[in-house]
Structures are given as structure tokens and as C-alpha cells.
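Each chain, letter by letter, is given below.
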Amino acid sequence: MKRRRITVMILSVLLAVSMTGCGQDNSSSSKTAETTAATTEAVSEPVNETTDASTEAIQTTTAKAEQTTTTQAETTEVPTEASDALSEAQMKETSKKLIQEYVPLYDGVCCGSVSVDESDSYNPDPERQYFRVTDSKCQSIADIKAIVENTLSGPEYDKMIQIMFEDTVPIYLEQDGKIYVLSVGRGSAYSDSWLWDELQFTNVTANSFTVTGKYIHIADTVITQSFDIVMTENGFRISNVSASQAS
């Protein structure tokens, strides 16, 4: 009987200890879970704040970049009127070049003042005599037109072509594959004494302008003349020449 009581007591003690141990383990696990959850929450909140701040910063930077790009594009696409116009230096250089080409063209090829062979003539009627052109640059109508196209365009080109080839009494005739020029007395309408520093420019755009110049002619007479100059696919050309006026 005594042994049985002792055994029961021992079993009771062991059971109590076992139950006490299980209670401590559950409490510890609960506390560990609570600590883990708290830590996770504490860590998660700053991470979310940092991510939101970074995203906002990136969006702000992108918006500023887009605004800057748009501003630059608007500035590029809307040039000012002044930037479109030719400069005075450009107009002066272009005018001088074309006028120096026009003077010998008008006094020379356009008026029929070219080298000829007087022994080879063509007489379409008794009142007109043509001599064969020997100038190597003017051996066909196409050659002469090409020379004129190098300086003139538009109405002025058309006027010169009509005088040279299409008038009732043309300056040039093509006969048997040869070019003949009308034999008439010729003088010089111009001189080389242009007053380049007194050129005046009007009607200026990016592709055209009018230049008015003066030159000294016979007996020191000052002559004024204007030229309309336009841009073509081959460069600047004289499109119209006004009548000269003595002053």
C-alpha cells in the first residue's frame, strides 16, 4: 500500500511538472509570434514610406524633364521673323555677284555682241544679215539659254529669251546646225563704275529681296536701277530688272 501511494505521488508530481512546462512553452511561442508581428509591422511601415517618396521624386523629375523638352521644342519650332530674313552682308555679296554677271550678259550675249565669222553669212531677206557665231560657248540655242539661266530667272529670263529667239526679227537664228547672229551696231549700256557701298535693300525675306544700285555712265551721269532677286533651285537669280533712271 505504501509503495503504491509513493508511485501515485511521483506520477502526480511528474504530471504537474509536465503540465507546467507545456504552459510555459505556449506562452513563449505566443510572445515570439507577437514580437515577430510587431517587428514586421515596424519594418514594413518605413519601407512603404521610402518607396512612396522615391516614386514621387521620380515622377517629379520626369515631369520637369518633359516640361523642359516641350519648352525647347516650342523655341525651336517658332523662329522669329528676324532670323528668317537675309543679312545685309548676304544681300550685298549676292547682289554684287549677280549684277557683275548681268552687265556683260546684257551688253554681250543678250544683245548679240559675240565673236563671228563675217565670211559665213545668212541673209533671210535683203534688209537683214546674220553672221555665223564663232564663240565656243554659243554654238547652239541650248548653249545660249544655259548662259542666261545662270543669271536670270522668271520674267527677266522670259523677256531675254523672247528678244533673242522669238521676236519678229530675232537676234539669233539657227540654220543648218549653225548659230547666226544679227549684224547691227552695238554699244555698251553699262559701265563697271558701280557704287557698291550705296546699295539699298527692300522687300527682304528669307528667299528674296530687291536691291537698288547706282553706276556712273557717260559724262559722269549717275544712273539708278533696281533688281528683284529670288532664290531658285539653282541658287539666287535676277527675276526682274527695272528701267534705268538718270539722276
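Just above, that's the structure.
Figured I'd write up the structure that's included with this text. (Residues numbered from 1 in each chain as written. Predicted model: local features only at pLDDT ≥ 70, side-chain atom pairs only at ≥ 80, totals over all residues. Heavy atoms only, no water.)

To continue, consider the environment of glutamate 149. Position of glutamate 149 relative to the elements: it lies in helix H4 (residues 141-149). Its relative accessible area of 43% is what places glutamate 149 among the partly exposed residues. Each C-alpha atom, one on glutamate 149 and one on isoleucine 161, is 9.9 Å from the other, the two residues being 12 residues apart in sequence. At 3.3 Å, the side chain of glutamate 149 and the side chain of tyrosine 157 are in polar contact. (Helix = DSSP H or I, 4+ residues; strand = E, 2+ residues; numbered from the N terminus. Buried < 20%, exposed > 50% of the residue type's maximum accessible area, 1.4 Å probe, protein only. Polar contact = N/O pair within 3.5 Å; in protein donor to acceptor, adjacent residues only side chain to side chain.)

Here the focus is the pairing of strand E2 (residues 128-133). Both strand E1 (residues 116-125) and E2 contribute to a ladder of 5 bridges, which runs antiparallel. The residue bridging serine 121 from the neighbouring strand is phenylalanine 131, located in E2. Hairpin connection, E1 to E2: the antiparallel pair is bridged by 2 residues. Across 3 bridges, the pairing between E2 and strand E4 (residues 178-182) is antiparallel. Within E4, the position partnered with phenylalanine 131 by the bridge is valine 181. (Pairing = 2+ DSSP bridges.)

In terms of strand pairing, strand E5 (residues 200-202) meets strand E6 (residues 208-216) through 3 bridges, oriented antiparallel. Along E6, the bridge assignment pairs glutamine 200 with threonine 212. Looking at chain direction, E6 and strand E7 (residues 222-232) are connected through 9 bridges and run antiparallel. Bridged to tyrosine 215 within E7 is isoleucine 223.

An α-helical segment advances 3.6 residues per turn. Residues three or four places apart therefore align on the same side. Looking at helix H5 (residues 154-166), one finds that the buried residues are Glu156, Tyr157, Met160, Ile161, Met164 and Phe165. Angularly, the buried residues of H5 cover 130 degrees about the axis, an arc narrow enough to put them on a single face. Counted as exposed and oriented over 90 degrees from the buried face of H5: Pro155 and Glu166. In this structure, the buried residues of H5 make contact with helix H3 (88-107), H4, strand E3 (172-175) and strand E8 (235-241). (Arc of directions from axis to C-beta. Contact = heavy atoms within 4.5 Å.)

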